[in-house]
Amino acid sequence: MIEVRDLHDWPTTEAEAVAIQERLRPLVRTDGEPAEVRTAAGLDVDYRESSDEIVAAVTVLDVETLSVVDSAVVRDRARFPYVSGLFAFREAPPLLAALQRLSVEPDVLVCDGQGLAHPRRFGLACHLGLLTDLPSIGVGKTPLGHFDQPAEPRGSWTPLHLNGEEVGRALRTRTGVKPVFVSPGHRHTLSAACDLVLRLTPTYRLPETTRAADRLGREG
């Protein structure tokens, strides 16, 4: 079973949450990557309408075949308010619970969200990666920062900057389709993260890991 490190209590105020991010940020590593990525986990959260209920879904895919080899769903209620830059404190607890229900430990976590592309350089992918000590990356649908449009062909990219610092890349996963925004989470380089995202997007704009977790969450 995936172990979750006890690095902090879950906060009840915005000030406490920000303090946790600032304290943990120096512990994040963005060097190296798994020696071999055979399995990748997609993580996604579905918010039920007119309710504070959230459904956390995790799907583990075989990277070669893109078939689902394991999955888990956790239903919970949001225990932290909706605050920009602090989404992890709403989403991480049920996602961690779902990860702990897996029988297959993935080689990398692929989060539907940000890693270093975050105001305090500590997005959901950094937070989950640090708590599980698993390699992690963030793949966002919308940019958090400034970028120039990459060239049209699949695989083209441009740097994503936030406050003058390169925090990720705008990556074209489909020719002529708007890019996704890749940033390292923990124990993963940016270049290797982009290579993995391209392996996970043979047909669609979003990684198959994200698509599978999104389907599971909506069905759950």
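Residues numbered from 1 in each chain as written. Predicted model: local features only at pLDDT ≥ 70, side-chain atom pairs only at ≥ 80, totals over all residues. Heavy atoms only, no water.

With an unreviewed UniProt entry as reference, the chain is termed Endonuclease V, source organism Saccharopolyspora terrae. Comment text from UniProt for the chain, heading Catalytic activity (unreviewed entry), reads "Endonucleolytic cleavage at apurinic or apyrimidinic sites to products with a 5'-phosphate." Here is the UniProt Subcellular location (unreviewed entry) comment for the chain, exactly as written: "Cytoplasm". (UniProt positions renumbered as here; feature names shortened; annotations may be inferred.)

A.B. asks: What is the right way to look at unusual backbone geometry in this model?
C.D. replies: Glycine aside, residues mostly have negative phi, and peptide bonds are mostly found in the trans state. Even without a glycine there, the phi angle at D133 is positive, about 60°. Here D133 is to be found in the loop between α3 (124-132) and β5 (136-140). The class for D133 is partly exposed, based on a relative accessible area of 31%. A positive phi angle is found at N163, which is not glycine, with a value near 55°. Residue position: N163 is located in the loop between β6 (157-162) and β7 (165-171). With relative accessibility at 69%, the residue N163 sits in the exposed group. (Helix = DSSP H or I, 4+ residues; strand = E, 2+ residues; numbered from the N terminus. Buried < 20%, exposed > 50% of the residue type's maximum accessible area, 1.4 Å probe, protein only.)

A.B. asks: Hey, could you run me through the packing of aromatic side chains in this one?
C.D. replies: Counted by the stated rule, this structure contains four aromatic pairs. Measuring from centroid to centroid gives 6.1 Å for W10 and F89, while their planes differ by 75°, and the two rings are edge-to-face. Taken as a pair, W10 in the segment before α1 (14-24) and F89 in helix α2 (residues 88-100) lie far apart in primary sequence, 79 residues in all. Here W10 falls in the partly exposed class, since its relative accessible area comes to 38%. Exposure remark for F89: the relative accessible area of 3% places this residue in the buried category. (Phe/Tyr/Trp six-rings, centres within 6.5 Å; stacked < 30°, edge-to-face > 60°.)

A.B. asks: For this particular structure, what's the right way to read the UniProt feature "site: Interaction with target DNA" (unreviewed entry) in the chain?
C.D. replies: Per the UniProt record, "site: Interaction with target DNA" (unreviewed entry) is annotated on Y82. Looking at where Y82 falls in the secondary structure, it is placed in the loop between β3 (68-77) and α2. Given a relative accessible area of 60%, Y82 falls into the exposed group. In contact with Y82, other than residues within four places in its own chain, are F87 and R90. (Contact = heavy atoms within 4.5 Å.)

A.B. asks: Would you mind showing me how to read the nonpolar core here?
C.D. replies: The nonpolar side chains of a soluble globular protein tend to be buried with one another. With 24 residues, the main nonpolar core has L43, V58, L95, L99 and L128 as its most contacted residues. The element that contributes the greatest number of residues to this core is α2, accounting for six residues. Sequence-distant contacts of V58, that is, excluding residues within four places in its chain, are made with A41, G42, L43, D70, S71, A72, L95, A98, L99, L102 and L216. Of all hydrophobic cores here, the second largest spans 20 residues; its members include V83, C126, L162 and F181. (Core = buried A, V, L, I, M, F, W, Y, C linked by side-chain atoms within 4.5 Å.)

A.B. asks: What should I look at first to understand empty space enclosed by the protein in this one?
C.D. replies: Think of a ball as big as a water molecule: rolled over the atoms, this probe shows where empty space is left. Counted according to the given criterion, the structure contains one cavity of 30 Å³ or more. Its volume calculated, the largest cavity comes out at about 30 Å³. Of all the elements in the fold, those that place two or more residues in the lining of the largest cavity are β3 and α2. Broken down by element, the residue count for the lining of the largest cavity peaks at four residues, all from α2. Its residues placed into classes, the lining of the largest cavity shows four nonpolar, no polar and four charged. (1 Å grid on protein atoms, 1.4 Å probe; cavity = no way out; pocket = protein on both sides within 12 Å on 5 of 7 lines; lining within 4 Å. Points joined across faces, edges and corners; volume = space filled by probe spheres on them. Nonpolar A, V, L, I, M, F, W, Y, C, P; charged D, E, K, R; others polar.)

A.B. asks: Explain the environment of T210 here, please?
C.D. replies: Along the polypeptide, T210 turns up in helix α5 (residues 208-219). On the basis of relative accessibility, which here comes to 3%, the residue T210 falls in the buried class. Along the chain, T210 and A57 lie 153 residues apart, while their C-alpha atoms are 9.7 Å from each other. Residue contacts for T210: discarding those within four places in its chain leaves G42 and D112.

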